[in-house]
Amino acid sequence: MNEKPKDERFEDQLARLEDIVARLEDEEVGLEESLDLFEQGMSLVRSCRSRLEQVEQRVAKLMESDDEMITETLEVDGA
């Protein structure tokens, strides 16, 4: 993997992750390639998770009002 996942947009990382999953599901992919793809996928998952946590923190800060935190449970489709 030549570039770090953090250098890419979140949406691009998700698209790459979807491509990796599709390739891993291909029965023609060998063991070594599968392992390499899995490593790339895990790196992307960690990066995406980190970005989502950062966004969550920013949203929480934006929702602060008069030193009182407003918290709401957000429903996410497919979760």
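Relevant structure appears above.
Let me begin by describing the structure that accompanies this report. (Residues numbered from 1 in each chain as written. Predicted model: local features only at pLDDT ≥ 70, side-chain atom pairs only at ≥ 80, totals over all residues. Heavy atoms only, no water.)

### Points about the environment of Gln40
Step number 1: Within the secondary structure, Gln40 is located in helix H2 (residues 31-62).
Step number 2: Gln40 gets classed as buried once you look at its relative accessible area, which sits at 16%.
Step number 3: Between the C-alpha atom of Gln40 and that of Ile20, which follows or precedes it by 20 residues, the distance is 8.0 Å. (Helix = DSSP H or I, 4+ residues; strand = E, 2+ residues; numbered from the N terminus. Buried < 20%, exposed > 50% of the residue type's maximum accessible area, 1.4 Å probe, protein only.)

### Considerations on H2
Step number 1: In this model H2 runs 46 Å from its N-terminal to its C-terminal C-alpha over 32 residues, within 8% of the 46 Å that 1.5 Å per residue would give.
Step number 2: Those residues of H2 lying buried are Ser34, Leu37, Gln40, Gly41, Ser43, Leu44, Ser47 and Cys48.
Step number 3: Its buried side turned inward, H2 meets helix H1 (10-25). (Expected span 1.5 Å × (residues − 1). Contact = heavy atoms within 4.5 Å.)

### Concerning the pattern of salt bridges
Step number 1: With the rule as written, the count across this model stands at 4 salt bridges.
Step number 2: Put simply, Glu11 and Arg9 hold a salt bridge, and the shortest N to O gap is 3.7 Å.
Step number 3: According to the relative accessible area criterion, Glu11 is partly exposed, its value standing at 47%.
Step number 4: A single network of salt bridges, built from pairs that share partners, joins Arg9, Glu11 and Asp12. (Salt bridge = Lys/Arg side-chain N within 4 Å of Asp/Glu carboxyl O.)

### Notes on the nonpolar core
The tendency in soluble globular proteins is for nonpolar side chains to be buried as a group.
Step number 1: Judged by nonpolar contacts, Leu17, Ile20, Val29, Leu37 and Leu44 together constitute the single largest core of 5 residues.
Step number 2: Only H1 and H2 provide two or more residues apiece to this core.
Step number 3: If sequence neighbours within four positions are ignored, Val29 has contacts with Arg23, Ser34 and Leu37. (Core = buried A, V, L, I, M, F, W, Y, C linked by side-chain atoms within 4.5 Å.)

### As for H1
One full turn of an α-helix is made of 3.6 residues, so residues set three or four places apart face in the same direction.
Step number 1: In this model H1 runs 23 Å from its N-terminal to its C-terminal C-alpha over 16 residues, within 8% of the 22 Å that 1.5 Å per residue would give.
Step number 2: What H1 keeps buried is the set Gln13, Leu17 and Ile20. Along H1, the residues classed as buried sweep out an arc of 60° about the axis, all on the same side. Among the exposed residues of H1, those oriented more than 90 degrees off its buried face are Glu18 and Glu25.
Step number 3: Buried residues belonging to H1 abut H2. (Arc of directions from axis to C-beta.)

### Here we look at a nonpolar patch on the surface
Step number 1: On the surface, a nonpolar cluster with roughly 340 Å² of combined accessible area is contributed by Leu24, Leu35, Phe38 and Met42.
Step number 2: Considering each element in turn, the nonpolar patch owes the most residues, 3 residues, to H2.
Step number 3: With respect to the helices, strands and loops of the structure, Leu35 is situated in helix H2.
Step number 4: Classification of Leu35 as partly exposed rests on a relative accessible area of 44%. (Patch = residues over 30% accessible without salt bridge, like charges linked within 9 Å, V, L, I, M, F, W, Y side chains within 5 Å. Areas by Shrake-Rupley, 256 points an atom, 1.4 Å probe, with all protein chains shown as cover.)

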